[in-house]
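Listed below, chain by chain, are the residues.
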Amino acid sequence: MSAVFVGMPSLPAYGIGNLHATESFPDAAHHELANDQMRTNLRHATHSIRDKRLKVVGELPDWEDLRSAGSATKEAAMADLPALLEQFEANFTARGGIIHWARDAEEANRIVASLVREQDTEEVVKVKSMATEEIGLNDHLAAEGIEAFETDLAELIVQLGHDKPSHILVPAIHKNRSEVREIFLREMPDVDPELTDDPRQLAMAARAHLRRKFLSAKVAISGANFALADTGTLGVVESEGNGRMCLTLPQTLITVMGIEKLLPQADDLEVFMQLLPRSSTGERMNPYTSFWTGVTEDDGPQNVHLVMVDNGRTAALSDRYGRSALHCIRCSACMNVCPVYERTGGHAYGSTYPGPIGAILSPLMTGIKAEENNSLPYASSLCGACFDACPVKINIPEILVHLRGEDVDSRRGKPRMPSEMDLMMKGAQWAFSSGTHLNLLEKALPLGRLAAGRDKKIKRLPGRLAGGWTASRDIPAPPKKSFRDWWASEHDAGDTGTTKDGK
Amino acid sequence: MMGAREEILERITSALADEPAIPEVPRTYRRSADLSEQDIEEMLVERLEDYKAHVDVVTAAGLPGTIATLLKEASGYVVPHGLPEAWFDVDDLRVDDRRITDAPGHRLSVPELDALSSVVTSSTVSIAESATIVLDGSPDQGRRAISLVPDQHVCIVPASSIVQILPEAMSRLEITRPLTWISGPSATSDIELERVEGVHGPRRLDVVIVTDL
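Residues numbered from 1 in each chain as written. Chains lettered and ligands numbered in written order. Predicted model: local features only at pLDDT ≥ 70, side-chain atom pairs only at ≥ 80, totals over all residues. Heavy atoms only, no water.

Draft legend 1. Quick peek at the overall build of chain A. From N to C terminus, chain A includes 23 helices and 12 strands. Along the longest, intermediate and shortest principal axes, the C-alpha atoms of chain A span 95 × 75 × 50 Å. Per-residue burial over chain A gives 56% buried out of 503 residues. A separation threshold of at least 6 residues defines the contact pool for chain A, and within that pool the share at least 24 residues apart is 73%. (Helix = DSSP H or I, 4+ residues; strand = E, 2+ residues; numbered from the N terminus. Buried < 20%, exposed > 50% of the residue type's maximum accessible area, 1.4 Å probe, protein only. Contact = heavy atoms within 4.5 Å.)

Draft legend 2. Structural context of the packing of helix H3 (residues 63-79) of chain A against helix H12 (residues 269-280) of chain A. All names here are of chain A. Running from N to C, H3 and H12 point in directions that differ by 110 degrees, and their axes come no closer than 9 Å. When the interaxial angle is binned, H3 and H12 end up roughly perpendicular. Two packed elements cross with a definite hand, and for H3 against H12 that hand is left-handed. Of H12, the residues touching H3 (which contributes Trp63, Leu66, Arg67, Ala69, Gly70, Thr73 and Lys74) are Val271, Phe272, Gln274, Leu275, Arg278 and Ser279. Classifying every residue of the contact of H3 with H12 by side-chain character gives 6 nonpolar, 4 polar and 3 charged. (Axes fitted to C-alpha atoms, helices over the stretch in contact; angles between N-to-C directions. Parallel < 35°, antiparallel > 145°, perpendicular 65-115°, else oblique. Left-handed = near helix turned anticlockwise from the far one by under 90°. Nonpolar A, V, L, I, M, F, W, Y, C, P; charged D, E, K, R; others polar.)

Draft legend 3. Up close: a negative patch on the surface. Residue and element names in this part refer to chain B. Negative charge collects at one region of the surface, where Asp39, Glu42, Glu46 and Glu49 lie side by side. Take Glu46: it is sitting in helix H2 (residues 37-50). Among the residues examined, Glu46 registers a relative accessible area of 54% and is labelled exposed. (Patch = residues over 30% accessible without salt bridge, like charges linked within 9 Å, V, L, I, M, F, W, Y side chains within 5 Å. Areas by Shrake-Rupley, 256 points an atom, 1.4 Å probe, with all protein chains shown as cover. Salt bridge = Lys/Arg side-chain N within 4 Å of Asp/Glu carboxyl O. Lys, Arg positive; Asp, Glu negative; His and termini not counted. Charge placed at Lys NZ, Arg CZ, Asp CG, Glu CD.)

Draft legend 4. Local environment of the side chain of A:Glu150. Along the chain, the position of A:Glu150 falls in strand S3 (residues 147-150). Within the structure, A:Glu150 has its side chain in polar contact with the side chain of A:Asn138 (distance 2.9 Å). (Polar contact = N/O pair within 3.5 Å; in protein donor to acceptor, adjacent residues only side chain to side chain.)

Draft legend 5. Just the layout of surface pockets, in detail. Residues and elements named next belong to chain A. Counted as a void, the largest pocket has a volume near 1,800 Å³. Along its surface, the largest pocket is lined by 38 residues, and Pro26, Tyr378, Arg464, Leu465 and Gly468 are the ones closest to its centre. In terms of residue class, the lining of the largest pocket is made up of 15 nonpolar, 10 polar and 13 charged. (1 Å grid on protein atoms, 1.4 Å probe; cavity = no way out; pocket = protein on both sides within 12 Å on 5 of 7 lines; lining within 4 Å. Points joined across faces, edges and corners; volume = space filled by probe spheres on them.)

Rendered as structure tokens:
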């Protein structure tokens, strides 16, 4: 007989931190759409990466086989997560690594801050990491008097610009080169005042700015793309070499990682290291990938820590229809193909995780009722492009629909004022309940033609719902005659099923 | 009070109360080469060049001369202690005060590395399809820091270490060693997606493929 658990039943433990939309998606999208610069940049970016991705994916005759293997591997990892986490922990620890567990963002931040303080330093260098973005680590460290230097070029631009990332792969894509130049001139104390807006010059300015930090930092903070259970290995995928700098030069390395990053075995890399770079940057392989297993004597950091974070991941895991959202490897392919994301940009989603994956991941991690996150599952036309692009085949549209259902269910049974939607549905119920009712309504068609005016378009309807519809669309004028009137005039009275010639 | 570890593991167990099945992973993707050795080598060269790496293809006899040419402008270079002495058996390199060896017991500090322009290492395995070269910290490849801080990386690739696709490379890797996978020089596309080669890692990657090693 297996052991029976007798502890407290655990309710979904939701995540906190930068996972919430603070205003509803339609409202946020409304003002983001006014940012022309961002829309132009985003369109250019998403289309370029999308084309590159298609090209390198097309090179592989077995792409669909790799996707299937990737999807099944993640599903297997999630189903066996407790055992894999313990196996990983044993292997990582056996090689000198130290593991810390954090129930939520706050606990993770506290752990990292105290680890930094132990090293007697007030500065850390950071590799771009979604997990530390999610838990709001930089702000927490700042409040504790520790300065965190982002070292990825885009993250540096965002940090120096006191801004927020708008895309998980190219976070500063909403800034153009002259804006980047202005930020550097304003925020880098040692920068050459003659700096132009040539991307090469700007990248070299960042190199010079960060090099001293890299060479002198005592502590680095990273995320991890993969954790391999059977060896206790961690991996980081990057392009610029800032990752290698952080993972190699400082004596202390603190990695913050969500518990869902586990892969059962090292050989799974043969699948994921083909899927990830091609889906993400559209390259055959990213320039640099580093793997480390605990501490290697005489090579790299000698104090190696890993903070494994839940922060709502177990809540997502408990939703059997939504848990596959945790298969996400943060490639951003779904964003680059999404017609909604392309127009609104990443800021409109509020959370660290934007785009189609964010629209399911954020509400799954926080619960559908958290702040404005119930608006996110509606931020989609359900076109399915994200599902096709996803390297691990997450069925995002299906989960979006599931979460819309959750949202509706979460409001059920609560006393409230009938909404416009309720009234319209009531009206429709009355209209369609009998032919007489419908006939009566159809008599009003000429009124609609009158409202449409000479250009035969209705441009504005009253109310929030109908008015919202016409805010961005025109409705064509109704026809002179309803279909039922037309049918009646074409057919003999009383003959309901056949045309005049008896067919 | 329950510790974070126990609580998280318990949350996971509860979340999986419906006991989802652990699916079999379908490994129907390619796992072995389908090109000739010659074609694989050509693919590697072509794709490395696509990444803006400089590539020479030489025999072992020609290797020292090629390394000497690549290091012509180097002000100083570091080599790992296990690099074969024979690779430097040419007039310009045999006795060369620009060369510093990083060895156990004689490790270069980060500032010392920063003062050197170049590094020469061997490599463990190279994957032609993605033009990826893997270093694993063996004595002929050295600590990770030495192939990172200098601005020019001269990387020797023995032809016998080249495979066509990634799954073939996995069996040649010892995953618990500190691994660095390199696919071209460092690069960024963070500003308006315009690719700039050479950010924080070595800005120049010179690959020397040795046909008879």
